[in-house]
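Spelled out from the first residue to the last, the chains are:
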Amino acid sequence: MSAEDVVAIQNLKARYCVAVDALTADTVSAAEAFRSIFHQRAVAEYGGDPVIGIAALTEFLCSAIAGNSEWRVHMIHTPLIAVDGDRATGDWTLLVHLKRPGGPVDVLLGRYSDEFVRTAEGWRIARVRFLRQG
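To start, this report covers the structure provided alongside it. Here the structure is a predicted model, which is why all the values come from computation and not from measurement.

1. Things to note about the overall build of the protein
Per the secondary structure count, the protein includes three helices and six strands. Secondary structure of the protein in N-to-C order comes out as α-α-β-β-α-β-β-β-β. Computed over its C-alpha atoms, the radius of gyration of the protein comes to 14 Å, within 12% of the 14 Å expected for a compact globule of 134 residues. Judged by the C-alpha coordinates and their principal axes, the protein covers about 45 × 30 × 25 Å. Residues classed as buried in the protein amount to 40% of the 134 residues present. Considering only contacts in the protein between residues 6 or more positions apart, those separated by 24 or more positions represent 49%.

Okay, structure coming up:
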């Protein structure tokens, strides 16, 4: 496991958070970012049925997530990253502040547990799992 791989994976996850936060302001740019973050056959688990493939995942994020708040700010903490060759895992604690449409500011707590794969273009998210706490 190299320090360069760990930093690249941390930056990839940070780009994911920035793209999710940008969904309410610029869905087109966020969708473009997702295409550079996720592996083509990525799987996402956000508490419902798994979303499979980059096209379905981008559509899900741009429709389901974009419309559930006026703004949001992701803060991820305590990364635990393990690299094994061209595959890696990463776990983060998540804190999100978000403004519900016409409602108050809400706080969301949870954990991300992800899998990554190294491609010719660099590291990509192969699986993202979110588990809400509380």
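2. Observations concerning the environment of Leu-80
Mapping Leu-80 onto the fold places it in strand S3 (residues 71-84). Overall, Leu-80 belongs to the exposed group, its relative accessible area being 57%. Taking the C-alpha atoms as reference, Leu-80 lies 9.4 Å from Ser-113; in sequence the two are 33 residues apart. Excluding its chain neighbours within four sequence positions, the residues that come into contact with Leu-80 are Thr-89, Gly-90 and Asp-91.

3. A look at the packing of aromatic side chains
Two aromatic rings are characterised by how far apart their centres lie and by the angle between their planes. All told, the structure shown has six aromatic pairs when counted by the stated rule. Considering the side-chain rings of Tyr-46 and Phe-60, the 5.6 Å spacing of their centres and the 20° angle between planes classify their relative orientation as stacked. Placement of the pair is Tyr-46 in the loop between strand S1 (38-45) and strand S2 (51-52) and Phe-60 in helix H3 (residues 54-65), with a sequence separation of 14 residues. Overall, the relative accessible area of 25% leaves Phe-60 in the partly exposed class. Through successive ring pairs, a cluster of aromatic residues spans Tyr-16, Phe-34, Phe-38, Tyr-112 and Phe-130. Positioned over the ring face of Tyr-112 is Lys-13, at 3.5 Å from the centre of the ring.

Procedures and definitions
- Residues numbered from 1 in each chain as written.
- Predicted model: local features only at pLDDT ≥ 70, side-chain atom pairs only at ≥ 80, totals over all residues.
- Heavy atoms only, no water.
- Helix = DSSP H or I, 4+ residues; strand = E, 2+ residues; numbered from the N terminus.
- Rg over C-alpha atoms; globule rule 2.2 N^0.38 Å.
- Buried < 20%, exposed > 50% of the residue type's maximum accessible area, 1.4 Å probe, protein only.
- Contact = heavy atoms within 4.5 Å.
- Phe/Tyr/Trp six-rings, centres within 6.5 Å; stacked < 30°, edge-to-face > 60°.
- Lys NZ or Arg CZ within 6 Å of the ring centre and 35° of its normal.

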